[in-house]
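Listed below are the residues making up each chain.
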Amino acid sequence: MRVLAAMSGGVDSAVAAARAVDAGHEVVGVHMALNRNPGTLRTGSRGCCTIEDSLDARRAADLLGIPFYVWDLSDDFVEDVVEDFVAEYAAGRTPNPCVRCNERIKFAALLDKGIALGFDAVATGHYAQIVTGADGRAQLHRAADAAKDQSYVLAVLDADQVAHAMFPLGDAPTKAEVRAEATRRGLPVANKPDSHDICFIPDGDTRGFLADRLGEVPGEIVDESGEVLATHSGTYGYTVGQRKGLGISKPAADGRPRYVLSIEPVRRTVTVGPAERLAVQALEAVDAIWNTEAPLGPVEVHVQVRAHGEPVPAVAELVGEVLQVRLRTQLTGVAPGQTVAVYRGTQVLGSATISGTTAA
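Fair warning: this is a prediction, and the values are worked out from it, not measured in the lab.

Below, the discussion takes up the overall build of the chain. When helices and strands are tallied, the chain shows 8 helices and 17 strands. Taken against the 2.2 N^0.38 rule, which gives 21 Å for 360 residues, the C-alpha radius of gyration of the chain at 21 Å falls within 12% of a compact globule. Here the C-alpha coordinates of the chain stretch approximately 65 × 50 × 35 Å along the principal axes. Across the 360 residues that make up the chain, the buried fraction comes to 50%. Nonlocal contacts in the chain, meaning residues at least 24 apart in sequence, comprise 65% of its contacts between residues at least 6 apart. As displayed, the chain offers around 16300 Å² of accessible surface, 50% of which is attributable to carbon and sulfur atoms.

Shown next, in the form of structure tokens:
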């Protein structure tokens with residue numbers, strides 16, 4: 001096949017491209033330029049998509065002997081990921097920008113452009129697996145290495161995108177094995193640190209990033225009775241389940257810590273309370289995306305609400321346009337705006353965006 005290998009400049013995408021070459025595909029490497037500040041340099045594991053990363057990707061492509069290009073997708077990235085991120089926080093929700101980037105950039109803008117240019121598939125360094133089902137259709141499954149599994153952030157892919165996706169690292173036993181393979185291949189990024197931060201906030205200061213764009217929107221932090229405990233400069237600086245950085249000087253009557261229970265951006269209030277009030281027994285989600293047929297009627301599944309969260313058993317049912325999920329095991333700190341990924345065994349069925357929860 002003609003394969004477009006997305007090369008971020010990290011070790012995973014470099015080894016994924018190498019494996020695609022080994023498999024006999026005609027591979028072309030492409031680095032997505034997403035950062036509008038070309039002078040930005042990565043510091044340790046902070047940030048990605050920098051000029052340093054593009055140079056690392058080019059070195060890896062040169063060593064593999066494949067053509068290499070840099071595609072400027074910064075306008076798409078700002079509109080579809082960064083602006084969405086800011087808008088979601090302004091509305092009191094908690095988005096996952098990596099999920100949105102996979103959906104709208106890596107497997108929409110990139111794949112669409114690649115297909116238009118005659119490529120058959122896009123290969124990335126994600127840890128997930130594509131399996132051919134009994135009906136001959138491509139299925140998205142968890143990676144062999146549970147510790148590195150990234151199927152959650154790929155659960156937003158639709159059936160057509162899954163059919164044109166390749167994840168050469170899906171069967172890798174561990175990340176250590178991938179680094180060892182990169183060393184054997186002589187890839188210069190073998191020991192490069194992974195990026196763990198939001199790529200467009202390399203200093204890790206999400207609240208400061210949002211404040212620069214949304215300004216001060218002062219309000220109150222209250223308990224469940226409505227008593228004012230403190231003030232804040234913007235509800236966007238908080239997320240459900242947050243404990244630290246609340247700025248509350250008055251301890252709770254029982255001396256236990258308080259957590260953010262809910263956020264009301266219109267009223268400009270952040271409500272806090274005890275940890276047990278974070279327990280959730282059901283949730284509703286909208287904008288569902290299925291890479292297989294949507295589940296008919298109540299079905300037993302597992303769901304995951306965080307990239308590194310534990311999957312829990314649940315009953316899922318699509319009622320009109322709303323995915324209703326009854327949890328067999330309670331979850332805590334679930335926030336509107338998060339993605340809920342739906343699994344049957346290791347297979348990803350699809351995902352939706354959480355719009356509300358029911359307390360336990």
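Having seen it, we continue.
Per the counting criterion, the structure on display carries 20 salt bridges. The salt bridge involving D149 is made with R142; its shortest N-O contact spans 2.8 Å.

Let us now look at a negative patch on the surface. Taken together, the side chains of D72, D76, E79 and E83 present a region of like negative charge at the surface. Looking at the negative patch element by element, the count peaks at 3 residues for helix α3 (residues 74–90). You can call D72 exposed: its relative accessible area is 58%.

Here we take up the state of the cysteines. Counted under the stated rule, the structure contains 0 disulfides. Left unpaired, C98 is separated from the closest cysteine sulfur, that of C199, by 6.9 Å. Counting only cysteine sulfurs, C199 is the nearest neighbor of C101, a cysteine outside any disulfide, at a range of 6.2 Å. On the basis of relative accessible area, C101 is assigned to the buried category, the value being 8%.

We now examine the sheet that holds strand β8 (residues 219–222). Here 4 strands make up an open sheet; going across it, the order is β9-β8-β11-β10 and the pairing mixed. Looking at which strands have only one partner, the edges of the open sheet turn out to be β9 (228–232) and β10 (259–264). Strand-to-strand twist of the sheet, defined as the mean angle between neighbouring strand axes without regard to direction, takes the value 25°. In this sheet, strand β11 (residues 269–273) lies alongside β10 in antiparallel orientation, the contact comprising 5 bridges. From the neighbouring strand, Y259 faces β11, where its bridge partner is G273.

So, about the packing of helix α1 (residues 11–22) against helix α7 (residues 175–185). Where α1 contacts α7, the axes come no closer than 10 Å and their chain directions differ by 65°. Compared by their axis directions, α1 and α7 come out roughly perpendicular. Crossing geometry of α1 relative to α7 is assigned as left-handed. Residues V11, D12, V15, A18, R19 and D22 of α1 form the contact with α7, whose own contacting residues are K175, V178, R179, E181, A182 and R185. Across the contact of α1 with α7, the residue classes break down as 5 nonpolar, no polar and 7 charged.

Right, let's get into unusual backbone geometry. Trans is the prevailing form of peptide bonds, just as negative phi is the prevailing case for residues other than glycine. Look at R268: it is not a glycine, yet its phi comes out positive at around 60°. Note that R268 resides in the loop between β10 and β11. Here D287, not a glycine, exhibits a phi torsion of approximately 55°, which is positive. Tracing the backbone shows D287 in strand β12 (residues 279–290). In this structure D287 comes out as exposed when scored by relative accessible area, which is 60%.

Strand order in the open sheet made by the 5 strands is β3-β2-β1-β4-β7, with parallel pairing throughout. The sheet is open, and its two edges are formed by β3 (68–72) and β7 (165–166), each paired on a single side. Judged from the 3 bridges that link them, strand β1 (residues 2–6) and strand β4 (residues 121–123) form a sheet pairing that is parallel. Note that in β4 the partner of V3 across the bridge is A121. The strands touched by helix α2 (residues 51–64) are β2 (26–33) and β3; relative to β3, the strand with the most contacts, the crossing angle is about 155°.

Remark: the principal bend of helix α4 (residues 97–116), roughly 25°, maps to L110. Listed as buried for α4 are P97, V99, R100, C101, N102, E103, I105, F107, A108, L110, L111 and G114. The opening residue of α4, the one whose side-chain oxygen lies 3.0 Å from the backbone nitrogen of C98, is N96.

This paragraph deals with the side chain of S13. Inspection of the secondary structure puts S13 in helix α1. Assessed through its relative accessible area of 6%, S13 is described here as buried. Discounting residues that sit within four places of it in the chain, S13 has contacts with A6, M7, S8 and G125.

So, on to the packing of aromatic side chains. Tallied over the full model, the rule gives 6 aromatic pairs. Measuring from ring centre to ring centre gives 5.5 Å for F200 and F209, while their planes differ by 50°; the resulting arrangement is tilted. For F200, a relative accessible area of 15% translates into the label buried. On the basis of relative accessibility, which here comes to 9%, the residue F209 falls in the buried class. By the ring-pair criterion, three or more aromatic residues cluster together here, those being F77, F85, Y89, F200 and F209. Over the aromatic face of W71 sits the side chain of K113, whose NZ or CZ is 4.3 Å from the ring centroid.

Rules and cut-offs
Residues numbered from 1 in each chain as written. Predicted model: local features only at pLDDT ≥ 70, side-chain atom pairs only at ≥ 80, totals over all residues. Heavy atoms only, no water. Helix = DSSP H or I, 4+ residues; strand = E, 2+ residues; numbered from the N terminus. Rg over C-alpha atoms; globule rule 2.2 N^0.38 Å. Buried < 20%, exposed > 50% of the residue type's maximum accessible area, 1.4 Å probe, protein only. Contact = heavy atoms within 4.5 Å. Areas by Shrake-Rupley, 256 points an atom, 1.4 Å probe, with all protein chains shown as cover. Salt bridge = Lys/Arg side-chain N within 4 Å of Asp/Glu carboxyl O. Patch = residues over 30% accessible without salt bridge, like charges linked within 9 Å, V, L, I, M, F, W, Y side chains within 5 Å. Lys, Arg positive; Asp, Glu negative; His and termini not counted. Charge placed at Lys NZ, Arg CZ, Asp CG, Glu CD. Disulfide = S-S within 2.5 Å. Pairing = 2+ DSSP bridges. Axes fitted to C-alpha atoms, helices over the stretch in contact; angles between N-to-C directions. Parallel < 35°, antiparallel > 145°, perpendicular 65-115°, else oblique. Left-handed = near helix turned anticlockwise from the far one by under 90°. Nonpolar A, V, L, I, M, F, W, Y, C, P; charged D, E, K, R; others polar. Bend = angle between axes of the 7 residues up to and from the residue. Polar contact = N/O pair within 3.5 Å; in protein donor to acceptor, adjacent residues only side chain to side chain. Phe/Tyr/Trp six-rings, centres within 6.5 Å; stacked < 30°, edge-to-face > 60°. Lys NZ or Arg CZ within 6 Å of the ring centre and 35° of its normal.

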